[in-house]
Each structure stands twice: as structure tokens, then as C-alpha cells.
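# A closer look at the structure
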Amino acid sequence: MKPHSIHQPTQRRKILGLILAGALVTHPILAADYPTAKVNTTGLAVTDTTVTVGQLHSATGTMAISETGSIEAEQLAIDQINAAGGVLGRQIKVIKEDGASDWPTFAEKAKKLLVNDKVASVMGCWTSASRKAVLPIFEKENGLLYYPTFYEGLEQSKNVFYEGQEATQQILAGLDWIAKEKKAKTFYLIGSDYIWPRTSNKIARKHIENVLKGTVVGEEYYALGQTQFGSLINKIKLKKPDVIYAIIVGGSNVSFYKQLKAAGITADKQTLLTISVTEDEALGIGGENLVGFYSAMKYFQSLQNPTNETFVKAFKAKYGEKSVIGDVTQAAYEGPWLWKLACEKACSFDVDKVVAASPGIELDAPEGGVKIHQNHHLWSKLRIGQWGADGQAKVLYESGLIEPNPFPKGYQ
Amino acid sequence: MPIILADYSISEIKSIFIMQGFAGLSLFSVLLLMALGLAIIFGQMGVVNLAHGEFMALGAYMVYLCSQITSDHFPAFQKYYFVVAIGVAFVVAAIFGAFVEWAMIRFLYKRPLDTLLATWGLSLVMQQAFRSIFGAREVTPTLPEWLMGSFKPTDTIDIPINGVFVMILSLLLTLGVYLFMFRSRTGLHMRATVQNRIMSGAVGINTTLVDRFTFALGCGIAGVAGAAFTTIGSTGPDSGSRYIVDTFLVVVFGGAGNMLGTILSSFGIAQAQSISEFFLEGTMGKVATLMGIVVILMLRPQGLFPSKVRV
């Protein structure tokens, strides 16, 4: 190297270039590389150092038993993202709102988050009823919702990303498995009385009658929060179906499974497949009331893979050793990550650009690899788990990656 | 899908009626437990206590607390704690009831609309207290082994043990309340104060204390009802609001101020609901029952057995 001299600018430039390269290597994303004026052209709550997102779940009410897990998982993901440098160099700030298990409250809070707080995205909702209540607001205000729950499908919106499975992914594959495994011909469909269980059972009935050539011997719905299932259980005893297909939601699960066990209906005598019991509900119900029953989900806490093991450890470290992680909790965890990847691909927080950049994005999630589809749903696998007395499920079956199809022909 | 009896054999139909009859009786005892405490407060004192459901939830949470303490510190008592826990539920709910009466209700006896508002506020405060202390998620105490499972008199009939337990509890409680009200001195004082407050005071009965005691008793009974419900379902901060509507329904339908009315009303509503739930479905059964109640109340607005004298 030639000795330093002010008359040799190329020399200085080389040294400066080395220093800059070094800086870039150690600080990959600086907020300064993404000036606010460029990444936020739609008036969202973005500053040079922070970006604000909203969280809208039921912290109280009958749905709290199910939604608390989602709240915790989303917070964990956001904390991890912030620790790793944030999104586009900005730390994520969260505005938390409580939908209180009341759908009009969800709509009101959604409006507040989008119009008053101008959040860049919202992680929220759980029941289909809450999602339907907020959908018109997200579409009118051009907001962005990351929705974690498995649901009945028959919906697709530019402003929503569906992290959970829709009916064809969760219901059809599950019914196929149980019909084959248990040689089931008769089904008793039960559910809580609102859109998701009713639509799901409608899809289930069509599949049972047209494809599996089975019979539906009963179909009943009970209000959310119902605790008296005596008459229903008596009717089930009368009809003796091969499979009870249960979609009971929220706190009612506890009463239903306890009363089922008290009436002597246990897994050795009666097969039961549910799509609404995850580890969160099992914690409230008590594993001893669920032993031997099956759940059809895309994720179980007991899945064996490195990403899941790290995730479970991190979750328990933050929320306690006794924490459990259900399907929706894991799906909620994917939300902030999917949003971060989309923002970085789009180099912007503007909703239109983030939406355009999303299809094709892949994430190595605790459930395995997932990919965002053009229709804003995720490619994912279906698993059948059998509950044990400890409130954990043993995975008996795993499908291949199922393409999401929210508008299946012949099921509407 | 409505049930058609012709599809079943005679022995199956017999089993249906026995199990369904039991379900109806079980529901009857649940409604009776809930309504008994309110019948005393609303019926005897004319106080509309919208926080009654929260006193039930208080009883349930006390059982949960006892369950936690037993499993953490005294695992040997796992089998016996439940009965003690019911006693604890009664005492805690009664003491808190007495406190509420002293602090708030006694200023509002002549102002029913204000009592309505005040007790509504109290229910919100209690719900938030539960949320802050016990968490927003629903909790269940670990039930003792002898309470789980069912009797099997025949192959097709299963009688849940916790249903029998709730029935026995409500029977004992109703009997206890009846004996107390009609065969004891304090009960006599309570009835006297309700019938003629001024005369009772003149005769030397401390009406202030009697009022406090009556309110506390009603709340204590609500606590026991809540304790019994831990065998049926889980408890959350807003569990009280789920019970309050049915409770008022039973008391108003039976005619406020009359224990016999409360008993018959809970029986009637329970059977109507069970039967209609069986032949129709789920929510439709409830709709049918409520429509029936509306019609009867329109024809007889004072309830089935109104008392002739009110405060």
C-alpha cells in the first residue's frame, strides 16, 4: 500500500469504501435506508424509528379462553422481530384493543385502529363472526388484517391474510381420515350457534352425503356460553352415531366434555372428531375429559421439528412453563413474521404494496414450511391428533401440503 | 331434526324418559339454587340485585381457591376439600353481602331504580375484580373423584353423579331455608319486618340488622349455587351475567315474595325447557320456553303465586 497522502483521493476512497462496506455488513437494515417519505405514502403511523400495528382480540368474555393464546403469540413474534432490528429498521409499537367477545365492539375498535390510530396492519379476530363484523371496515379504510383462525372459507379479501386453514384443508381431509380409519357411516353434527359451526357443518354434511356416502343422523346448535347439554347427550345416546363431529366453541367446551364424560360417553365407546379443540381449550376442559378423542388441526404443540422446539421453548420462557400452544396460537405467531417479510419485499408499509408483494412469500414456521397463496391463504398440512390425559395430542396422521381453496365447487 | 318417537323400541323410549326426566330434574335443581337467593332478596326485600350472578361467581371462585390451596399445600385432603369449600363459599359470599348492604344498599331501600343502577355498577366492579385477581380465562377447580362419572342402574341409563349432587344440595338448601324462615326466631323477625316494618320496629325488632342479615343470607345462598355450578361448567369473570337472566326469569315468573312460587316456577321452566330441547333443537327449545313464559306473564303479570303483602 502506498503511504497516506492528501494528494491521493483514490486511496482515501478505497479506505472509506471498506469502512462503509463494513458498516453495511454489521447493520443490514437501517431505517435511514428506507426514508419515511418513501415507505409510507398513505399516512400510516410510521416514524423514522417506529411503526405502529394494532392488535384486536377478546381479552375478556367467553372467547378469552381461546384468544389469550393468540394475543401472547403475536406479542412474542413482535418482541422477537424488534430484538432482531424491527421491520425496515423500525421498532414495532403495538396498540392493543379488546373486542370483549362482542362483535359490534370488534367493529368499533377496528374503526378506531384504522381511522384514528392509522396502524400499518392489525393482528386480530378469532371467531368468524368477529371477522365478518370488521371486514367491511377493513375494505372501506383499506386496512390490513392478519387473521389466525381456521375457518369455514367462502371468503377472500384483498385486505385480509388468512393464517388459518379454511374448510377444504381442515374439514374434508379430516373427515376422509376418520371415515377410512373407523369405517364410519353415521355422523352426528353439533356446534355452537353462529356462522362458523353452521357453515362448516353444511360443508361437512355435503362431503359426508355426496363423497363419503354416509348419513347425518343429527345436527344441532347451542348458543355460545351454553352450559346445559343434558338433552343433547341423551339424544346422542339414542342415535349411537359412528362419529360425533363437534364444533363447540369457547367456554361451552368445558361443560360439554365434562357432561359427556359424566354420562359415560368415553372414547373407547364413541368416536369423536372435533375441529374446535386445541391445546388452549384442552387446558380449560382438562385432559382427562378428552382422552382418546380426535382433533383435526394443522399444528399441535407436540410436533417434532427444530423450529417448533425453539418456538415452544421461547413461548414457555416468556409465559411460564405451564403454557400451552394451540393451532390458532401458532398461526397468530406467523402473522407478524409474514407481515414483516411482505413489508421488506415491498420496501414499503403501504397496504397496496404490501399486499402485492405477499403471494409467494415462504416462512419456516413451527408447523413446517408455509407459503402465501394468491388467494391470501396459506399452503399447509393437516394433522390428526389424539388427546391424552395431559392435555397434549399425539399426532397420528399428517397429510401433504394442501392448496387452499376457499370456494370449492359443489360445497356452496 | 325433530325426534319421532315411533323410530324407537319400548325399552329405548323408557330409557329416554328416565334420562330426560333426570335432565329436567337436574336443570330444575340448578334453577332453584340460583333463584332461591334472589327470591329472598328480591322477594322479601324488594331489592333488585343485579349483582346476584356475581355473588354466584364469587362462590365458584372460592371453591377454585380452596382447590388450589388444597392441591398446593394439603394434597392429602383432596377427597374432602369440596364440602368444606362449599361452606367457605357460603360464608365468604354472605360476609361480602353484609358488607355491600352496609356500604350501599341500606341507603337505597326507598329508591328501586337507584338500587338497580347501583347493583349494576357493583356487578361491573366485581367482574373486573375477578378479572384482575383470577385472570380473564375461565378456571375450573379439580373436582374430587367421587363427584365424577355416573351411576349405571341399567346398561342404557347413565345418571351423572354431579347431577345427583346438585339435586341433593338444592333439596337440603331449600329445606334449610324453609326451616329457617318458618321455624326459627330470626326467620320470624325477617318475615315480620317484611310484612310491617314500623310495627316490627315498635315491637323491638332491630330492622336494620334484620335487613342486613336477610341480604347476607341471600348472597350466601348465591355463593353456594355458584359452588355447585363448578361441577357443571367452568367459571370466568363474566359467568355471573350468564346466570342472572334465567334467575330473574324464575323469580318473576313464580311471583316475587313466595318460596313456593319460586319452587314451582323453576320446576315448570326446567321441564318445559328440557322437553322442548329434546324434541326441537338447542336454541329453538329455549325460544319455545321463553315464548311460553312471555304469554303466561302477559295473562298474569304478577307471576304464578304473587304474595299478598309487599314492602
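Only a predicted model underlies this, so the values are computations on that prediction, with no experimental measurement involved.

Cut-off values and rules
Residues numbered from 1 in each chain as written. Chains lettered and ligands numbered in written order. Predicted model: local features only at pLDDT ≥ 70, side-chain atom pairs only at ≥ 80, totals over all residues. Helix = DSSP H or I, 4+ residues; strand = E, 2+ residues; numbered from the N terminus. Rg over C-alpha atoms; globule rule 2.2 N^0.38 Å. Buried ≥ 20, exposed ≤ 12 C-beta atoms within 10 Å, placed from the backbone. Contact = placed C-beta atoms within 7 Å. Pairing = 2+ DSSP bridges. Expected span 1.5 Å × (residues − 1). Domains from an automatic or database assignment. Nonpolar A, V, L, I, M, F, W, Y, C, P; charged D, E, K, R; others polar. Axes fitted to C-alpha atoms, helices over the stretch in contact; angles between N-to-C directions. Parallel < 35°, antiparallel > 145°, perpendicular 65-115°, else oblique. Left-handed = near helix turned anticlockwise from the far one by under 90°. pLDDT = per-residue confidence, 0-100.

This part is about the overall build of chain A. Helix and strand counts for chain A come out as 13 helices and 15 strands. Here chain A has a C-alpha radius of gyration of 24 Å; the compact-globule value for 412 residues is 22 Å, and the two agree. Principal-axis analysis of the C-alpha atoms gives chain A an extent of 100 × 45 × 40 Å. Sorting the 412 residues of chain A into buried and exposed places 53% on the buried side.

This next bit is on the overall build of chain B. Helices and strands together make up the secondary structure of chain B, namely eleven helices and two strands. Written out in order from the N terminus, the α and β elements of chain B read α-α-α-α-β-β-α-α-α-α-α-α-α. Taking 311 residues into account, the globule formula puts the C-alpha radius of gyration at 19 Å, and chain B, at 20 Å, falls close to it. If you take every contact in chain B between residues at least 6 apart in sequence, the share linking residues at least 24 apart comes to 78%.

All names here are of chain A. With four bridges connecting them, strand β11 (residues 362-365) and strand β12 (residues 368-372) associate as antiparallel partners. Across the sheet, Leu363 pairs through a bridge with Val370, a residue of β12. Between the end of β11 and the start of β12, which pair antiparallel, lie two residues.

Time to look at helix α9 (residues 239-254) of chain B. All names here are of chain B. Under the 1.5 Å per step criterion, the end-to-end length of α9 is 24 Å for 16 residues, consistent within 8% with the ideal 22 Å. Within α9, twelve of the 16 residues are buried, which leaves it mostly tucked inside the rest of the structure. All of the buried residues in α9 are Ser239, Gly240, Arg242, Tyr243, Thr247, Phe248, Leu249, Val250, Val251, Val252, Phe253 and Gly254. Packed against the buried residues of α9 are α1 (10-45), α2 (52-73), α4 (112-134), α10 (259-279) and α11 (282-299).

For the rest of this paragraph, the subject is the pairing of strand β14 (residues 383-387) of chain A. All names here are of chain A. Summarising burial for β14: four of the five residues are buried, a large majority. By the bridge criterion, four bridges tie strand β10 (residues 294-297) to β14 in an arrangement that is antiparallel. Counterpart to Tyr294 in the pairing with β14 is Gln386. Of the pairings in the sheet, the one linking β14 to strand β15 (residues 393-398) comprises five bridges and is antiparallel in character. Across the sheet, residue Arg383 finds its bridge partner in β15, namely Glu398.

All names here are of chain A. Annotation of chain A at the domain level lists domain 1 (39-165 + 304-380) and domain 2 (168-297 + 385-398). On a C-alpha basis, the centroid separation for the pair domain 1 and domain 2 is 28 Å. Each side of the interface is counted separately: domain 1 has 22 residues, and domain 2 has 23 residues. A per-class count over the side of domain 1 that touches domain 2 returns nine nonpolar, ten polar and three charged.

What follows covers the packing of α2(B) against helix α3 (residues 81-103) of chain B. All names here are of chain B. Close contact between α2 and α3 brings their axes to 8 Å; oriented N to C, the two are set at 135°. The orientation of α2 with respect to α3, classified from their angle, is oblique. α2 and α3 meet at a crossing whose hand is right-handed. Every residue of α3 that contacts α2 at Phe55, Leu58, Gly59, Met62, Val63, Cys66, Ser67 and Thr70 is listed here: Tyr81, Val84, Ala85, Val88, Ala89, Val92, Ala93, Phe96 and Gly97. Of the residues that constitute the contact of α2 with α3, the class distribution is 13 nonpolar, four polar and no charged.

This part is about the interface of chain B and chain A. With 35 residues of chain B at the interface, the matching set in chain A holds 30 residues. Those elements giving two or more residues to the side of chain B that touches chain A turn out to be α1, α5 (161-183), α10 and α11 of chain B. Among the elements that make up the side of chain B that touches chain A, the one with the highest residue count is α1(B) (seven residues).

Do not read the fine detail of predicted coordinates wherever pLDDT is low. Chain-level pLDDT for chain A is 89 on average; 92% of the residues reach the 70-or-more range. Confidence over residues 23-27 of chain A falls short of pLDDT 50; this stretch has zero contacts with residues more than four positions distant or in other chains.

As a further point, take the sheet that holds strand β13 (residues 378-379) of chain A. Residues and elements named next belong to chain A. Taken in spatial order, the three strands make up an open sheet running β11-β12-β13, and their pairing is antiparallel. The strands lining the two open edges of the sheet, one partner per strand, are β11 and β13. Running at roughly 150° to β11, helix α12 (residues 327-346) makes contact with β11 and β12 of the sheet.

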